[in-house]
Structures are given as structure tokens and as C-alpha cells.
Amino acid sequence: MKIVNQLSTFSAVILLMITTTALAKVTPEEAARLGKDLTPIGAEKSGNADKTIPEWTGGLKKIPEGFKPGQPYIDPYADDPIMFTINPSNMDQHLDRLTLGQQALLKTYSTYTMPVYKTHRPVGYSDELIKLVNKNALNAELIPSGNGLKNSAGTYPFPIAKNGLEAIWNHVRRYRGGSLNRTYVHATPTKSGQYTPITFYEEFSERSALKDFSKNTDDNVMLYFKQAVKSPARLAGNVLLVHDTIDQVKEPRRAWIYNSGQRRVRRAPQVSYDSPGTASDALITADNFDMHNGAPDRYDWKLVGKKELYMPYNSYQLDSKSLKYKDIITPLHINNKYARYELHRVFEVVATLKQGKRHIYQKRVHYIDEDTWAILASDFYDGLGNIWRVAEGHNKYFYDVGTALSTVSVYHDLISNRYLVTGLANEEATKFNFGQKFSTRDFTPSALRRSGKR
Amino acid sequence: MGTNCITRFSILIFFFSSPLFANTFFMPAPYNHCFDDPYYNDVSPPHDKTLAIGKCFYQTAEKLLLDSYEYEQHDASSNRTHITTALHYADSWFRLAVQQGNTDAVTFLQHTERYLIEDEQKYNQLHTFPPVSEGSHATTH
């Protein structure tokens, strides 16, 4: 009897071990590295060998004096001098620290520059977030197709990403502060620099941040998003509503458009993959928004490895209220005098179009920040194998909320020599308002009509 | 008074008919109708439908190319963006149609690629440096 009991216990332990192995994304030993030699979300805690990337010591220690929530962010690194500026004539000295897309920009535009500053790692993580990520490390899994997640407790499902798909899911499911509204401007200057600013107002909420959040309602939805055009007058009143689903192959993204001219709400299945972005003058695709969004199913994703590259980072100056749009929006590219580049460790992820699938980008290469899992730079290749478009997300750490987001994103088209810049708010009263309490009612098709009133 | 009105009206007519107006005030993309094809969002459309969508973009690009000659004296970069983008959409659909075994798509794909290469060559002439292609550069690391 004793032997039978022992056998049963032994079998139960074995079964538990097998089950745990099947469910766990990383072993408990690997997960235990989080918060030790790895940061809570899986970055290397230590600096690099030549000390040009510092150790992560918990992020920005103190919010700059004088900052008040809701007011413009004070640049904590305003006193840093430019260490050097990369330009077309000296770029050869820095090739090993530049993406191919950045090299292409420097080769294409004789006026393109990249001011490089000292590296800072300001991003910190709340205890609540750390708990979720620890849970994810042991439990979150990709569904077999790779197009969705299971057992994921929200943000950063794979802090120790083992492949390209897990890395891209970390970008898609990164922490964005829960919910927010924001007003910003985007522009698509012609080659000679002519542009009309387009003003957008957006509302965004993670499903779990809704005030009427229910665990079992809409459980395949990860976020709700509403975008209204406020100006110019001829576009004003058009509104886009998106319920972004987790498994978009099982249940495609739900999207609706309110057309103010027709006063009609229509389904918009085209707001996905490579259809043109809103008012983008054909310079970006729908899945370019936020550097990358949507289902990963059309590509094979490969995690190439980590690199130390000059990335747009801590871009407080680009957001300064002392600047006007005309100071930033210049012919061919933005005025990089106001940009800030730092050396950071990034994951290089290459997505190659699958056989039998279609997209205007045959290949896309993303550079994902180790401290935020946000894509900071991307190269997009056309069917002929040439770099066609290059994107950069100039991020900023919102220290009162504990999230880093692209504050200004720039998408370059190297063939037509044009670019789209989005996220500018220098001349707006406010930009990001975090902590908005939305309900599901704010993201219904009937809410679109209300939002569309000019 | 009457002369003033006529002058102002003429200025307005000139402004609204100029390519600058088209560039600055966002005309809808000239190939938007191609996205309305019921098969556009289909995961694997029949090969003849795939070819048809490719042709829609291709024909729009051809029309835009003809129109573009009229704008050569102006900043026609918006038009140029649309031509290139329409060709890339066409290219992606013809590639898929070829993979699906549509033999007619082969010729269309060749023509599109020729257009795209010419487009990029035109771009090369405008710049000191050639565009970066995957094979033409040493890897960064």
C-alpha cells in the first residue's frame, strides 16, 4: 500500500513537472533571473563592456523639480552636451552602430544628421507590473499559430523572449500607461516642404483599464482605440474606431469609420495590414501605426540577436513647447537638431513575407528597445529587395506614469523623398492625458457619431 | 471693384487648380477604389481575382504616370509617391498571383518590376548615392 502511495505521488510529481514544462515559457530558474541579472522586463541589467551603456539601476530616481502632472514634461537630461554628430561625411566611422535604414537616410540626404548624447536608462517599473511580468514569464504562451496569446496576464507576455514572434508580441502588448487621450499633429510634407498640419484627437484604453472591465466580456480584445480628425476642416469629423483583437486570424480586428460627409458609420475591414494609413498620402500602411501593430500572421519572424545601436531616445527636446511645427518640419526630413540619439541595446527582429501571403513590404526589420520592448527603428523592404521606407520612433519616458512611448514618429519614403511625421504637439495645449477612465460605451459604433461632431 | 473681384477669383481658380493644392490638401489616394475589391481582404483569393486587383493598381499607376508629365514643372512629389506606391501594391498582388500559378501574372509582374527599376534609376540620377539594397552593403555587425 505504501509502495502504491509512493508511486502515485511520484506519478503526480512527474505529471505536474510535464504539465509545468508544457505551460511554462521559461524554466523557473530562468524566470528567477528577472530582477537579478536581468531587469524586471528582461533587459540586461549590466552596462556594456566599454561603459557607453550604463547599468540599469531602477530607472530615473527623481522626477524633475517643478514638474506638475498635466503640464509639459521637463527634460531631465537638458544639460547633457552633444557628444558628437553623425552626418553623411563621417558616417563611415559609425557604421557598426547604425541600422541599414539610418545609413540609407544619411546617404540619401546630404543634410541628414544624428546628434548623439550620453545614454540614460530612465525607465522604471511598478511593483504591480513586475508581478504581472513574473507571472507571464512562467505562464504566457503563444497559441500554436503564433497569432495570439494564452495564459498571459496583460503586458510584456515574454520578458525572456526566445524568438521573433515573442519579441514582436512584447512590442504589441507593451505597457502604455493603461489608458489615455491625446491631441497631436501629423504632416506629410512634399519634397519642397509644403504641408498642411492634420490634427488628431485619440482615445485609447487597454481592456483591463476600462472602468466597467469584466474578465469574461470581449476576452479576445486587448485594446480599444478611437481616432478623430479635428482639422483641417475638409477632413474634420471623420472618426476611426478599432477594437484590437488578440487573435486576429480567429477574429479579425473590428474597425468602423464614421464619415462626417455622409454621416454614416461603416465597418472598415481595410484598416489592417498594408492598406494606407489615415490621411497619410500613401506614405505609411495601416500596420505601420505605432511602428507596428496588428496580426503577425503574414510573416516569418526571426530574432536575430541583440545589437548596440544609436537609437532615438529621451526625446524631450523634440516635444518642447518652445518649438513651432515649422521649426521641426523641414524639406526631406525633420530638423534633427532637436532629436536625441543614444547608444542602446536593441533586439533585431526580421520579418520575411511567408510564401502564399501578400504585403507591399517583402521584409521588415525592427529594432526593439531592451528597456521598453518598443520598436525604435524599422527598415521596410520592397519586392525588389531594396530598402524603401525607414521609420524611427522618438521615445520619451513619461516619468509620472512609468511608461515610455514614441512621442514623435517619422516614416521616410526613400524613393519619393518624402516623409510623414506624426505625434507633434508643440503648439497644442496638451498632448498625453493618462489615466482616463473610459467605459465600453465610449468605444461603440454609436459613440463614433458623437465623436464625429465638428 | 469689379476688376478686384475678377482678380481675386482668378487667383482662387489658379490656386485650386494647381498641383500644389493637390499636394497640400490631401486628395484621396487615386487607387483607393482598388481597396474596395471584395477580395482585397481575403486570405487567399482565387488567382484570377488576385491578378485583377494587381491590374487595378497597375492601370492606376500607368494613368498617373501619364498625368505626371503635365506636372513636371511643379512639385509633384505627392503624385510621384502615389505612382510608386501603386506600383508596389501591383507588384505584391502579381507576385501572389504568380505563386498561385497564374501564368498571365508573370508578364504583369515583369512589367511592374521594370517600371519600379526605372523609377528607382530615376531616383538614383537625382542623388549622389544609390539606394541601399540588401546585398550592396556589408552587414552592420
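Residues numbered from 1 in each chain as written. Chains lettered and ligands numbered in written order. Predicted model: local features only at pLDDT ≥ 70, side-chain atom pairs only at ≥ 80, totals over all residues.

Chemist: Explanation requested: the overall build of chain A in the structure shown.
Modeler: The helix and strand tally for chain A stands at 7 helices and 18 strands. Relative to a compact globule of 454 residues, whose C-alpha radius of gyration would be 22 Å, chain A shows 22 Å and is just as compact. Referenced to the eigenvectors of the C-alpha coordinate spread, the extents of chain A come out at roughly 90 × 60 × 50 Å. (Helix = DSSP H or I, 4+ residues; strand = E, 2+ residues; numbered from the N terminus. Rg over C-alpha atoms; globule rule 2.2 N^0.38 Å.)

Chemist: Before we go on, may I ask you to explain the pairing of strand E15 (residues 387–398) of chain A in this structure?
Modeler: On any regular strand, side chains alternate: one points to one face of the sheet, the next to the other face. All names here are of chain A. The element E15 is largely enclosed, with a buried count of 12 among its 12 residues. Pairing of strand E14 (residues 375–381) with E15 involves 5 bridges; the strand directions are antiparallel. Bridging from a neighbouring strand, Phe380 pairs with Arg389 of E15. Connecting E14 to the next strand, E15, in antiparallel fashion are 5 residues, including Gly385 with a positive phi near 90°. (Buried ≥ 20, exposed ≤ 12 C-beta atoms within 10 Å, placed from the backbone. Pairing = 2+ DSSP bridges.)

Chemist: Looking at this model, I keep getting lost on helix H3 (residues 100–108) of chain A. Mind explaining?
Modeler: Owing to its 3.6 residues per turn, the α-helix brings residues three or four apart onto one side. All names here are of chain A. When you tally the buried positions in H3, you get 8 out of 9 residues, the bulk of the element. Every buried residue of H3 is accounted for by Leu100, Gly101, Gln102, Gln103, Ala104, Leu105, Leu106 and Thr108. Buried positions along H3 lie against strand E1 (84–86), E14, E15 and strand E16 (403–413). (Contact = placed C-beta atoms within 7 Å.)

Chemist: Sorry if this is basic, but what is going on with the domain arrangement of chain A here?
Modeler: Residue and element names in this part refer to chain A. Along its sequence, chain A is carved into domain 1 (2–31) and domain 2 (84–451). Taken together, the contacts link 7 residues of domain 1 with 9 residues of domain 2. Here the side of domain 1 that touches domain 2 takes 3 residues from helix H2 (residues 28–31), the largest share from any one element. (Domains from an automatic or database assignment.)

Chemist: Quick question: what am I supposed to make of helix H4 (residues 127–139) of chain A here?
Modeler: Residues and elements named next belong to chain A. Given a rise of 1.5 Å per residue, 13 residues ought to cover 18 Å, and the 18 Å separating the end C-alpha atoms of H4 matches this to within 8%. Buried within H4 we find Leu132, Val133, Asn136 and Ala137. Down the axis, H4 shows its buried residues gathered within 145° of arc, on one side only. Among the exposed residues of H4, those oriented more than 90 degrees off its buried face are Asp127, Glu128 and Lys131. Summarising the contacts, the buried residues of H4 are in contact with H2. (Expected span 1.5 Å × (residues − 1). Arc of directions from axis to C-beta.)

Chemist: What am I meant to see in the confidence of the model for chain B here?
Modeler: Interpretation of this model should avoid reading the predicted coordinates in detail wherever pLDDT is low. Residue and element names in this part refer to chain B. Averaged over every residue, the pLDDT of chain B is 73; the share at 70 or more is 61%. Mean pLDDT across the elements of chain B ranges from a minimum in helix H2 (residues 19–24), with 34, to a maximum in helix H4 (residues 47–68), with 92. Below pLDDT 50 for its whole length, residues 8–26 participates in 24 contacts with residues either more than four positions away or in separate chains. The complex model carries a pTM of 0.88, and its ipTM stands at 0.86. (pLDDT = per-residue confidence, 0-100.)

Chemist: Would you explain the nonpolar core in this entry?
Modeler: Nonpolar side chains in soluble globular proteins generally cluster together in the buried interior. In this structure, Met311, Ile368 and Val421 of chain A together with Phe57, Ala86 and Ala90 of chain B are the most contacted members of the largest nonpolar core, which totals 145 residues. For this core, the leading source of residues is helix H5 (residues 77–99) of chain B, giving 10 residues. Sequence-distant contacts of Met311 of chain A, that is, excluding residues within four places in its chain, are made with Tyr341, Glu342, His344, Val346, Tyr367, Asp369, Leu376 and Ala377 of chain A. (Core = buried A, V, L, I, M, F, W, Y, C linked by C-beta atoms within 7 Å.)

Chemist: Looking at this structure, how should I read unusual backbone geometry?
Modeler: Trans peptide bonds make up most of the peptide bonds, and negative phi angles are found at most residues other than glycine. All names here are of chain A. The step from Ser231 to Pro232 runs through a cis peptide bond, and the omega angle for that step is 5°. Inspection of the secondary structure puts Pro232 in the loop between strand E7 (221–231) and strand E8 (239–245). Residues other than glycine seldom take positive phi values, yet Tyr156 does so here, at roughly 45°. On the secondary structure map, Tyr156 appears in the loop between strand E4 (149–150) and helix H5 (164–172). Residue Tyr156 is classed as buried on the basis of its C-beta count, with 27 C-beta atoms lying within 10 Å. Positive phi, close to 45°, is recorded for Ala279, a residue that is not glycine. You can see Ala279 is positioned in the loop between strand E10 (264–267) and strand E11 (299–312).

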